[in-house]
Amino acid sequence: MQASPFALDAYQRVAIDHLDSGHSVVVCAPTGAGKTLIAEHAIRAALERGQTAVYTTPLKALSNQKRADLARELGVTVGLMTGDRVDSPDAPVVVMTTEVLRALLLSDAALVARVGVIVLDEFHWIQDPQRGGVWEEVVIAARSDITLVCLSATLPSAPLVRDWIAQVHGPTELVEESTRPVELTHLYALGNPRRDPPALVPLFDGDRPNPTAELLDGVRMRRGDDSPLRRRERDRNRPVTPERLDLLDELRRDHKLPAIWFLLSRAGCDNAVTTCVDARVRLTTADEAHSVRALAHDATAAMSDEERRAIEFDSWLDALTIGVAAHHGALAPVQREVVEVAFARELVKVVFATETLAVGVNLPARSVVIDRVVRPQRQGGGVLGVGEFAQLSGRAGRRGIDDSGFVVIPWSADASFAQLTALVKGRLPTLASQFRPTPAMVAAFLHHRDPAQLQRFVRSSLRASLAARHVADLRDDLEVARQRVRDAGTDGPETAAYEPVELEHLRPGDVIVDPGRTYGRPAVVVGPVRRRRDQETVEVVGEDGRRTTLTARALRAAPVVVAQIELPAEARSPRGFTRQVADRLRTAECALALPSPRATPPPRAGGAPRARAEAAVELLEDRIASAEADLDNELGAYVTLLRRRDHLEGWDLAPSGVALSRLFHDAGLLVAEALRAALFDGLSAAELAAFASGFTPRSAQSEHAFRAPTPNVARAYRVADDLVRELNAVEHELDLPLTPSPNGALAGAVYRWAETGNLGHALRGTEAPAGDLVREARQVAELVEQLALVGDDVLRRTCAEAAARLNRGIVVDELPTSLRGGQTIPSPRS
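Scoring rules and cut-offs
Residues numbered from 1 in each chain as written. Predicted model: local features only at pLDDT ≥ 70, side-chain atom pairs only at ≥ 80, totals over all residues. Heavy atoms only, no water. Helix = DSSP H or I, 4+ residues; strand = E, 2+ residues; numbered from the N terminus. Buried < 20%, exposed > 50% of the residue type's maximum accessible area, 1.4 Å probe, protein only. Contact = heavy atoms within 4.5 Å. Areas by Shrake-Rupley, 256 points an atom, 1.4 Å probe, with all protein chains shown as cover. Pairing = 2+ DSSP bridges. Axes fitted to C-alpha atoms, helices over the stretch in contact; angles between N-to-C directions. pLDDT = per-residue confidence, 0-100. Phe/Tyr/Trp six-rings, centres within 6.5 Å; stacked < 30°, edge-to-face > 60°. Left-handed = near helix turned anticlockwise from the far one by under 90°. Nonpolar A, V, L, I, M, F, W, Y, C, P; charged D, E, K, R; others polar. Salt bridge = Lys/Arg side-chain N within 4 Å of Asp/Glu carboxyl O. Bend = angle between axes of the 7 residues up to and from the residue. Parallel < 35°, antiparallel > 145°, perpendicular 65-115°, else oblique. Polar contact = N/O pair within 3.5 Å; in protein donor to acceptor, adjacent residues only side chain to side chain.

**Looking at the overall build of the chain**
- If you tally the helices and strands in the chain, you get 30 helices and 27 strands.
- In the chain, which comprises 830 residues, the share counted as buried stands at 54%.
- Residue pairs at least 24 apart in sequence account for 73% of intrachain contacts in the chain once pairs closer than 6 positions are excluded.
- With an accessible surface of roughly 36000 Å², the chain has 49% of that area assigned to carbon and sulfur atoms.

Below, the structure is given as structure tokens:
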């Protein structure tokens with residue numbers, strides 16, 4: 001173990017010993033507990049061996065900060081590869097997004113041969129529905145001699161993940177630490193109609209829910225005397241959501257600043273800042289106000305007056321000066337960086353932020369306020385997940401500064417006291433794989449490897465591992481079912497059969513488990529019990545968010561009700577309702593005492609006929625066959641799709657298939673189709689950027705109707721829509737996800753930016769904020785640079801010009817290194 005100038009925590013020593021033994025590690029520890037130190041040890045060891053170290057981040061926005069942190073701590077040049085930006089890729093340490101690393105691994109890039117260690121930070125992103133599969137692909141594709149360092153604060157089923165990595169990659173150890181370096185105190189903020197100062201009451205008394213907080217929550221207020229006088233007293237003292245300014249003032253008086261105040265929307269953050277400015281809140285001294293004003297002016301010195309107007313510089317500066325700021329994706333990157341530096345220096349006392357600030361940005365605070373734990377219906381509704389809540393609350397408490405961190409949850413009629421306590425103490429959701437074969441994956445493997453390697457790759461996924469466990473459970477069920485057939489003998493009144501499982505006692509909202517399974521997982525009943533095909537069935541939703549029909553035959557024993565939850569009102573879509581139910585299930589407090597699992601139910605005479613038992617066997621055999629063939633069938637469907645669309649001839653890639661193999665992009669297949677149809681040909685650099693904008697991932701915000709900036713761009717979009725209809729017809733036939741049509745909502749803004757480089761002109765006629773245009777321009781530049789690798793000479797030149805026109809001004813401006821210094825936040829190792 002390398003010498004260290006500070007005392008290591010026990011879990012850090014254990015993890016470092018495993019690394020020194022040549023093993024990979026999965027490290028699960030709370031935010032701020034010093035996981036990064038373990039990664040730095042692995043990186044230093046790789047550098048001593050003359051190898052390259054790769055550090056991955058889930059978001060491009062985090063890469064610059066991580067790059068600066070590693071350069072400062074390691075004293076070496078650190079490169080950057082984020083798709084839209086490449087700087088010093090041959091450096092001994094390279095920070096990159098997980099998608100970039102996946103592309104390098106699957107394409108056998110020269111850099112990969114030098115890699116000795118890969119750090120996968122925020123490894124719980126393996127659960128992300130859109131991007132989680134990329135983490136799996138990295139683990140599978142990495143050479144077995146590469147050390148993997150997987151870091152997470154909220155990874156569910158970590159032993160299962162460790163077992164999978166050990167199986168597909170090599171010796172891997174799990175290191176877990178539950179103790180936080182700075183203790184957290186969870187406070188319930190309750191207001192009242194009289195506008196008295198909000199009460200900040202601990203949610204817990206030791207490890208138990210605080211009865212005082214529960215009483216103040218109003219749970220017991222309705223009991224007892226119901227006279228008019230008593231009702232008026234209850235009305236005066238009933239809890240209400242505290243006014244934001246009142247709660248802020250209470251936090252200031254109680255010395256609980258600086259604070260990060262998490263809200264669930266950009267508009268909410270902006271409105272909170274405006275409220276503070278309009279109310280003339282003042283959290284800074286005269287010297288602090290002068291310092292933050294100077295920081296903002298220095299950071300934006302290169303901007304023109306028009307650019308400053310486009311980012312609403314004056315109102316932004318007014319808020320900074322009084323000590324408050326917003327932090328979200330609609331801000332220009334330089335604005336977010338100024339906010340981060342100012343907050344770290346305690347020049348800004350309160351940051352109103354969206355959830356993305358909780359992901360990886362090293363910006364701890366004394367307090368965290370989670371404005372609401374229930375999402376509004378327009379965002380799908382539902383209670384925050386346990387992992388999401390842990391990520392947000394984990395930012396509270398600065399190691400080396402605070403003795404305790406505070407997590408403040410304002411009272412809300414949308415969430416009960418029981419829901420809040422269950423959220424704090426709740427279990428992480430059940431592990432689920434997000435791995436899916438993709439056309440680009442198939443093409444990349446067939447370009448560099450053979451079909452057998454492609455199949456082995458897919459069968460090495462976490463999804464395949466979890467499916468194998470599921471099949472093992474089904475085989476146990478099958479053996480029980482076969483025993484029933486053997487015991488049933490021949491049909492007749494005296495035939496021995498098994499007690500049928502009854503479901504009629506179940507009601508919507510019941511949380512049930514099958515006590516016949518050793519690892520039974522809870523599910524919520526969401527519909528009435530029905531009888532179909534001579535057996536009882538009921539619809540349930542599991543922790544993984546899947547809505548299924550549960551049959552009596554699928555149960556090993558009578559289901560046990562372990563909790564009862566209130567079902568949400570029907571959402572705008574069945575999917576939204578299912579998500580809300582799964583959220584509530586993950587935070588439900590379930591009974592711990594369950595009946596001991598039984599291998600088989602007790603037999604009785606005079607039961608169901610032999611035919612029914614044989615039908616159960618047949619059903620289970622079908623389910624096993626389906627589960628075992630699921631991934632292979634999906635992979636085969638994509639191979640068929642590529643053949644039907646003429647990207648693949650037998651097992652040989654057509655030219656368009658070769659292009660697809662180099663397009664690691666969400667819309668790679670459609671882009672390859674557009675290339676083959678020559679839709680990018682004849683476009684100017686700005687027009688090409690506008691057309692490419694249609695293929696970038698869209699954010700969840702509302703967008704405007706598409707208006708093509710030129711006739712050439714309009715024609716390209718029309719033909720692309722025709723290609724989508726052709727693709728969808730084949731995808732529908734093969735039961736594959738449908739390729740969406742290009743979305744050109746920001747095409748006009750991108751075109752004007754590429755044409756003029758003028759931010760104000762680019763945003764004219766659209767409500768898109770500067771931050772959205774910057775992100776869009778960067779994503780388009782990334783795609784355009786990929787197109788340059790697969791196009792002919794003419795397209796390559798046009799792509800190069802388009803990339804240059806996109807990557808200028810505010811899109812690439814960063815906070816100067818000189819302005820980043822002087823931060824007061826200590827390293828997590830202090």
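**Examining the sheet that holds strand E3 (residues 78-81)**
- Strand order in the open sheet made by the eight strands is E4-E3-E5-E2-E6-E7-E1-E8, with mixed pairing throughout. Here the strands that pair on one side only, and so sit at the sheet edges, are strand E4 (86-87) and strand E8 (172-176).
- Strand direction decides the pairing type here: strand E1 (residues 24-28) and strand E7 (residues 147-152), joined by four bridges, are parallel. Pairing of Val25 across the sheet is with Val149, part of E7.
- Packed on one face of the sheet, helix H6 (residues 158-168) meets E1, E7 and E8 and runs near 160° to E8.

**As for the confidence of the model for the chain**
- Confidence in the prediction for the chain averages 83 pLDDT; 86% of positions are at 70 or higher.
- Every residue in residues 822-830 is under pLDDT 50, and counting partners more than four places away or in other chains gives 23 contacts.

**Some thoughts on the packing of aromatic side chains**
- Within this structure, the stated rule accounts for 10 aromatic pairs.
- Pairing Trp261 with Phe352 gives two aromatic rings, centres 5.5 Å apart and planes at 40°, and the pair type is tilted. Residue Trp261 is found in strand E13 (residues 259-262), and its partner Phe352 is found in strand E15 (residues 350-353); the two are separated by 91 residues along the sequence.
- Accessibility expressed as a relative area gives 1% for Trp261, which makes it buried.
- A relative accessible area of 0% places Phe352 in the buried class.

**Observations regarding the side chain of Gln779**
- Residue position: Gln779 is located in helix H28 (residues 770-790).
- Its relative accessible area of 17% is what places Gln779 among the buried residues.
- Contact partners of Gln779, with chain neighbours within four places excluded, come to Lys60, Thr696 and Pro697.

**Observations concerning the packing of helix H24 (residues 685-692) against helix H25 (residues 711-733)**
- Where H24 meets H25, the axes come as close as 9 Å, and the angle between the chain directions of the two elements is 35°. Considering how the two elements wind past one another, H24 and H25 form a crossing that is right-handed. Contact residues: H24 offers Glu687, Ala690 and Phe691, while H25 offers Asn712, Val713, Ala716, Tyr717 and Ala720.
- A per-class count over the contact of H24 with H25 returns six nonpolar, one polar and one charged.

**Considerations on the pattern of salt bridges**
- Applying the stated criterion to the full structure yields 33 salt bridges.
- Close ionic contact of Asp254 with Lys256 constitutes a salt bridge, the shortest N to O distance being 2.4 Å.
- Exposure remark for Asp254: the relative accessible area of 35% places this residue in the partly exposed category.
- The salt bridge partner of Arg463 is Asp630, with a shortest N-O separation of 2.8 Å. Remark: Asp630 occurs in helix H21 (residues 610-644) and Arg463 occurs in helix H19 (residues 462-488); sequence separation between them is 167 residues.
- A relative accessible area of 12% means that Arg463 is categorised as buried.
- Assessed through its relative accessible area of 37%, Asp630 is described here as partly exposed.

**So, the sheet that holds strand E16 (residues 367-370)**
- The mixed open sheet is built from seven strands, whose spatial order is E10-E9-E17-E16-E13-E15-E14. The open sheet is flanked by strand E10 (199-202) and strand E14 (324-327), the only strands paired with a single partner. Between one strand axis and the next, the sheet turns by 25° as a mean value, whatever way the strands run.
- Direction of pairing for E13 relative to E15: parallel, over a ladder of four bridges. When the bridges of E15 are listed, Ala259 appears paired with Val350.

**A short note on H21**
- Of all the bends found along H21, the most pronounced is centred on Asp630 and spans about 50°.
- Among the residues trailing H21, Asp646 stands out with phi positive, at a value near 65°.

**Side note on unusual backbone geometry**
- A cis amide bond links Leu257 with the next residue in sequence, Pro258, at an omega value of 5°.
- The topology assignment puts Pro258 in the loop between helix H9 (244-253) and E13.
- Phi is positive for His255, close to 55°, though the residue is something other than glycine.
- Examined against the element boundaries, His255 turns out to sit in the loop between H9 and E13.
- With phi around 65°, Asp646 is a residue other than glycine that occupies positive phi space.
- Secondary-structure assignment places Asp646 in the loop between H21 and strand E26 (648-649).
- When its relative accessible area of 52% is taken as the criterion, Asp646 is described as exposed.

**Some remarks on the packing of helix H17 (residues 439-448) against H21**
- The N-to-C vectors of H17 and H21 enclose an angle of 80°; their axes lie 10 Å apart at closest approach. Between H17 and H21, the angle is such that the two are roughly perpendicular. Along its contact with H17, which presents Pro439, Val442 and Ala443, the element H21 presents Leu635, Tyr638, Val639 and Leu642.
- Broken down by class, the residue content of the contact of H17 with H21 amounts to seven nonpolar, no polar and no charged.

**Regarding the side chain of Asp371**
- Looking at the element boundaries, Asp371 is found in the loop between E16 and helix H15 (386-393).
- There is a polar contact of 3.3 Å between the side chain of Asp371 and the side chain of Arg244.
- Excluding residues within four positions of it along the chain, Asp371 makes contact with Arg244, Trp261, Phe262, Leu263 and Pro410.

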